[in-house]
Amino acid sequence: MIMLKKIPVKNEYLLIVATILLLFVSYQLAFKKTIEAWKLNSSLEKKLSQSNDIAIQPDYLERKNKNLDKLIGLYKADTTALRNNLINVVSLLADKENVKLSEVPMQDIANISDHYIIERLQFEGDYFSLMKLSDRLQQENGIGMIRSERLKVTEINTSSSKVKKLGLEVMLEMVK
């Protein structure tokens, strides 16, 4: 302490040196990391704004549309092959459940569109077999989704008596 008093330094210079030293230590401990984080934030914001503008670029949109058209083309199917496959799979399921595939009417023009096909199938059998078939059709993959089902009883007049048959009409919807 006595030596410090002998050094010819004015208190004003000591205050300036202490202030500079304090600023340097503060910069190293807090300000340096804050400034680096601020620079990183501004650079990430610039990158984000540039990536948001990519959807506006026409070349990008054209490439995207071409790729989507290629993907859609891969999923288009021949409707006759699709219908034959559907009838084969459904008739096998009907045979397993002891149900008769009684009718596959011609496709109705109202049931055809650019995006989907609706097939109407009619089955005959007892109630429990028809319900098991309905359940199997819902679980089967690759044949479409059941759009509607309708149970109906038909009476057939024979020479000796009236015969009642239980039928199930199923509308299956498939994507082309």
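Report on the accompanying structure.

Criteria and cut-off values
Residues numbered from 1 in each chain as written. Predicted model: local features only at pLDDT ≥ 70, side-chain atom pairs only at ≥ 80, totals over all residues. Heavy atoms only, no water. Salt bridge = Lys/Arg side-chain N within 4 Å of Asp/Glu carboxyl O. Helix = DSSP H or I, 4+ residues; strand = E, 2+ residues; numbered from the N terminus. Buried < 20%, exposed > 50% of the residue type's maximum accessible area, 1.4 Å probe, protein only. Core = buried A, V, L, I, M, F, W, Y, C linked by side-chain atoms within 4.5 Å. Phe/Tyr/Trp six-rings, centres within 6.5 Å; stacked < 30°, edge-to-face > 60°. Pairing = 2+ DSSP bridges. Axes fitted to C-alpha atoms, helices over the stretch in contact; angles between N-to-C directions. Contact = heavy atoms within 4.5 Å.

## What to know about the pattern of salt bridges
Move 1: Applying the stated criterion across every chain, the model contains five salt bridges.
Move 2: Where R120 meets E169, a salt bridge forms, and the shortest distance between an N and an O atom there is 3.6 Å. Of this pair, R120 sits in strand β2 (residues 116-124) while E169 sits in strand β4 (residues 162-175), placing them 49 residues apart in sequence.
Move 3: When its relative accessible area of 9% is taken as the criterion, E169 is described as buried.
Move 4: Between E169 and R150 there is a salt bridge whose closest N-O contact spans 3.1 Å. With E169 in strand β4 and R150 in strand β3 (residues 145-157), this pair connects stretches of sequence that are 19 residues apart.

## Here we look at the nonpolar core
Move 1: Counting residues in hydrophobic clusters, the biggest one holds 17 residues, and the most contacted among them are V90, F123, L133 and L137.
Move 2: Every element with two or more residues in this core is listed here: α4 (79-96), β2, α5 (127-139) and β4.

## What to know about the packing of aromatic side chains
Move 1: A full pass over the atoms with the stated rule returns one aromatic pair.
Move 2: Their ring planes at 80° and their centres at 5.6 Å tell us that Y127 and F128 sit as a pair that is edge-to-face.
Move 3: Owing to a relative accessible area of 60%, F128 belongs among the exposed residues under this scheme.

## Some thoughts on the environment of N98
Move 1: Mapped onto the elements, N98 comes out in the loop between α4 and β1 (100-103).
Move 2: Once the C-alpha coordinates of N98 and L133 are considered, the two residues, 35 residues apart in sequence, prove to be 8.9 Å apart.

## Structural notes on the sheet that holds β2
Move 1: Strand order in the open sheet made by the four strands is β1-β2-β4-β3, with antiparallel pairing throughout. Here the strands that pair on one side only, and so sit at the sheet edges, are β1 and β3. Strand-to-strand twist across the sheet, computed as the mean angle between neighbouring axes with direction ignored, equals 35°.
Move 2: Pairing of β2 with β4, which is carried by nine bridges, proceeds in the antiparallel orientation. Bridge pairing in β4 links Y116 to V175.
Move 3: Each of β2, β3 and β4 touches α5; the most contacted strand, β3, lies at about 160° to it.

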